[in-house]
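Structural overview for review
So you can see what is in the structure, the chains are spelled out below.
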Amino acid sequence: MNWRNVKLILAREVRDQLRDRRTLFMIAVLPMLLYPLLGMSFMQVSQFFQAHPTRVLVVGGEELAARDESPQLFDTEGANFDPALFASEDDPSLVKLTFADAADLLPDQDVAGSPSAKELADAARTRMRDKKFDAVIYFPAGFAGELTAFRDELKNRVANPPEDRPRQGESSQDERAEGGEKSPDAEEKKAGIPNPVIYYNTAREASQIARSRIEGVIYRWTTKVGEQNLIDSDVPKSAARPFSLQSNDVAEAGRREAATWAKILPFVLMIWALTGAFYPAVDLCAGEKERGTLETLLCSPAQRSEIVVGKLLTVMAFSMATAVLNLASMGLTGAIVLSSLPQLGEMMHLGMPPAEAVFWLAVALPPVSALFGALAVALAAFARSTKEGQYYLMPLILVTMPLMILPMQPSMELTLGTSLIPVTGLMLLLRELLTSNYAVAATFAAPVVGVTLTGCFFAIRWAIDQFNSESVLFRESERLDLGLWLRHLRADRHATPTAAMAIACGVLILMIRFFTGLAISLPETTNGLIVLQAVTLIAFVAAPALIMTSVLTRSPRRTLLLNFPAWQAIPAVILLAISIHPLATVLQQLLAWLYPLDTVKLKFVVDRYGEIPFVWMVLVLAILPAVCEEFAYRGFVLSGLREMGHPWRAIILSSAFFGITHALIVQQSIAAGILGVLLGYTAVRSGSLLCPILFHAIHNSLLFALMKFGEQWSQSDGLASWLLVQTGDDSFAYRLPVVVAAALTSVAAILWFRKSTRQVASGAAEPRVEVANERSAAVVAERERIAT
C-alpha cells in the first residue's frame, strides 16, 4: 500500500467535506446549538416540575374523624390527614380531602345495607372520570366502632386475664379440648374489622401519585395504631419491631456520580460516533456517484484499497470530531444546568464526570470510529444515490442499538461472555474504567480489544470488497414496476437463485418461524408434540425453499445440489459426524459457562421432548430436521449466496440464518451457527446435499441419544461408562481422553473428506462459469431487445 496515495486521497476528501455546509452544520454547528438549547428549554420548563395537590374523596370518614382516641388519622380540624403521618419529604398541603358519606357516593341506590364492591368501584370511577378527584378512599360503615371495640377487648383482656392462660409453649384447657386450635376473642374481633379500600385509576398519572401518598399515610397510621394496642396490652411497642435495618453507603466521594456517568458517556460516544461516520461516508461514496467524480478517482494510479483507506480515515476523522464536540457541548451544558439546579443533581445522582473519563473515552474513540466508519463506507458504496444511502442508516442503527442499550441494564456485568459481544463488551469495559474498577477491566481488556479489532478488520475488508466490485460501484438507479418485475422474475429465471432470492428465502423462513413460535403453544400430549414438530419443519422450513426453487429457478437439481457425491465422501462424512460430536458437547458446555442457561426454560424443554419415544425422536427430531433444514439452508439459500463469488462468505451467511432460526435458546443458536459452517463446507466441497444431510442426522441422533440414555450409560459397567461422565443432574460430558481422540479423528476425517472430494471440488467451478456466461448472454440479449 502506497501511503503517499492514501495521504493525497485523505487531503482531497477532507477538503471537499470542509467545503460542504451540511457536513459542517452536522459536525460543528449542531452540537454547539443542540445541548445549550436543550439546557435552556429544560430550565424554562422546570417550573412545571413542581408537585401538584392531590384531591381525595373520603367516603365514610366522618365517624373516624370524630373519634377522639389516639392516634388520629385526621387533624384536629378534620380537614386533612394528621401532619405527623406524612413522611419528612412530603408536604401535607399537597393532599386535599373532601368528606362524603355512602349516600353521596351512591345517590341513586339504597345504601341501607353494605354496597357491593362493583357498585363502589363504578361509583368511584364515575367520580374520577370527570377529574374532580384523583382517588377515592372508602371506609366501610362501622369501621371506627369495630376498631374501638377491638382496642377495648384488648384492654379488657389485660385487666381481667383468664385464670387458665397457658404458659409459653403450652396450650390452654379449651385449646387442648378442641385439639390444640386457638380461638382468641381478639383474633375474632380483628377478623371482624372491615378493610378500607382505595380506588384509583392507573391510566392517570395523578391518580397513581394520589394512591402512593394515601397508602403511605394509611400505613403509618396503621403502624401507630398497632403500637398503641401493644402499649394498652402492657407490651412495649418495640416488641412488634425489635430492630430496624440501617443502610450505609460506603461509596467514595464522587464515585456515585461516576457510576451514573459511566452509563451515559459510553452510550453518547457510540451513538454520535455512528451518526458522525454515516453522513460523511454517504457523501464520499454515494455522493461521488451522483456527481460523477468517482470514475476519475478510480482511474487514478491509486489502488482500490488505498482509496478505501483514504476515505475511511476521512470518515473516522469526522466521526471522532462529531463525538468529541457532542461530548464537550453536553458536558458544558450539563455543568451549567447542574450549577443552576443543584437539587436536580442530588435527585439524579449527577455531578461533574471524573477527570479520567476524558482519557478513557479518547482511547476508545479511534477503534469505535474505525468500526462504524468501515461499516458506513461499505453501505454507502452499495447505495446508488445519496438518498438511498441515507435509508441504510436506520437498519444500521437497528442492529447496533440493542448492543448499545444492553450494557445500560443494571444486571449487566463485564464477564468473559459479555466481553465477546461486539460494542457491548467495549461499553462495559468503559463503564468499569470510568468507575475505577481497574482490576475487572484489566481481566477482560484483552478479549474486548480482540473482538473490537477483529470487527474493525472484517468491516474494512468488506468495504474494500465493495470497492473492488464493479457491479456494486456502478449499479444503475431503477424504478420498481411491480408488474414488470413479477413478469421478468418468472421469464428471466436462471439455473440457480440470485443472492437476493437467497436472502429473501432466509428472512421469510425466519419470520414464519418467529411468528408461528409465538402463536402456537406446545401441545400437552406427546403425539401432538410430534405432529407439531413435523408440520413445522415441512410447512415452515422445507416448503418455502422448495416452492421458491420451483418458481424462481430453472434447475432444481443444481439449486438443491441433488447430486450423488463420490462414494469415499460418504464414510468420511459419517466418521466426521461421529467424531465431531464430543467436540460439539464441549462447545455447548463452554457456551453454557460463558452465558448461563435459563435452567427453568431448559428443564421444561428437556422434559417435554424427553417424553417422546426414542424411535420417534430420531425420526422427527433428527432425520426430518436434517432433510428439511438442509434443503432450505444448504440447498436454496447457500446456492443463491454463492452467486456473490465468495464460497466462504456464502457459507457463513447461510450458517447465520441457520443459527438464528434456532432462537429458542441463545446458546443453541450460537452452537447451530458454528455447526452450520461445517455443514456448508461439506455441501460446497462435495457438491451434494447428501453429505450435510447425513452429517446433520447423525449429529442430532447422537445428541438425543445422549439426552435419553446418558444417565443409564454413565452408570453402566460397559464401554459407555468409560466414555461419559455425569456433570450435573441432567447433563453429561465426554471424558478428556475421549475429547482429545475425537479432535484428532475429526482432523483425519476432514483430510479424508477433502481428498475424496478433490475431483468434485475442482470441477465445481465449471457450473459457476456456465451460470456466469449464461447470465452475461441473457444481459446482452436483453440490451439488444431494448435497443430494437
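Above this text is the structure in question.
This write-up is about the structure you can find in this document. (Residues numbered from 1 in each chain as written. Predicted model: local features only at pLDDT ≥ 70, side-chain atom pairs only at ≥ 80, totals over all residues. Heavy atoms only, no water.)

1. What to know about helix α18 (residues 424-434)
Here α18 lies mainly inside the structure; 11 of its 11 residues are buried. Among the residues of α18, those classed as buried are T424, G425, L426, M427, L428, L429, L430, R431, E432, L433 and L434. (Buried < 20%, exposed > 50% of the residue type's maximum accessible area, 1.4 Å probe, protein only. Helix = DSSP H or I, 4+ residues; strand = E, 2+ residues; numbered from the N terminus.)

2. Comments concerning the pattern of salt bridges
All told, the structure shown has 15 salt bridges when counted by the stated rule. Two residues, D134 and R55, come together in a salt bridge whose shortest N-O distance is 3.3 Å. Of the two residues, D134 sits in the loop between α5 (117-129) and β3 (135-138) while R55 sits in strand β1 (residues 54-59), which places them 79 residues apart along the sequence. (Salt bridge = Lys/Arg side-chain N within 4 Å of Asp/Glu carboxyl O.)

3. A closer look at helix α9 (residues 205-232)
End to end, α9 covers 41 Å across 28 residues, agreeing with the expected 40 Å (1.5 Å per residue, within 8%). Along α9, the positions that sit buried rather than exposed are S207, A210, I214, G216, V217, I218, W221, V225, N229 and D232. Residues of α9 that are buried in the fold lie against β1, α3 (62-66), α5, β3, α6 (143-159) and β4 (197-199). D234 sits one or two residues past α9 and shows a positive phi near 60°. (Expected span 1.5 Å × (residues − 1). Contact = heavy atoms within 4.5 Å.)

4. Structural notes on the pairing of β1
With five of its six residues buried, β1 lies for the most part within the structure. Pairing of β1 with strand β2 (residues 95-100) involves six bridges; the strand directions are parallel. The partner of L57 across the bridge, within β2, is T98. (Pairing = 2+ DSSP bridges.)

5. Section: the sheet that holds β3
Strands sit in the order β2-β1-β3-β4 across an open sheet of four strands; the sheet is mixed. Edge positions in the open sheet fall to β2 and β4, since each of these has one partner strand only. Taken pair by pair, the neighbouring strands of this sheet meet at an average axis angle of 25°, ignoring direction. The pairing of β3 with β4 spans three bridges and is antiparallel. Looking at the pairing, I137 lines up with I198 of β4. Strands in contact with α5 are β1, β3 and β4; relative to β4, the strand with the most contacts, it is inclined by about 40°. (Axes fitted to C-alpha atoms, helices over the stretch in contact; angles between N-to-C directions.)

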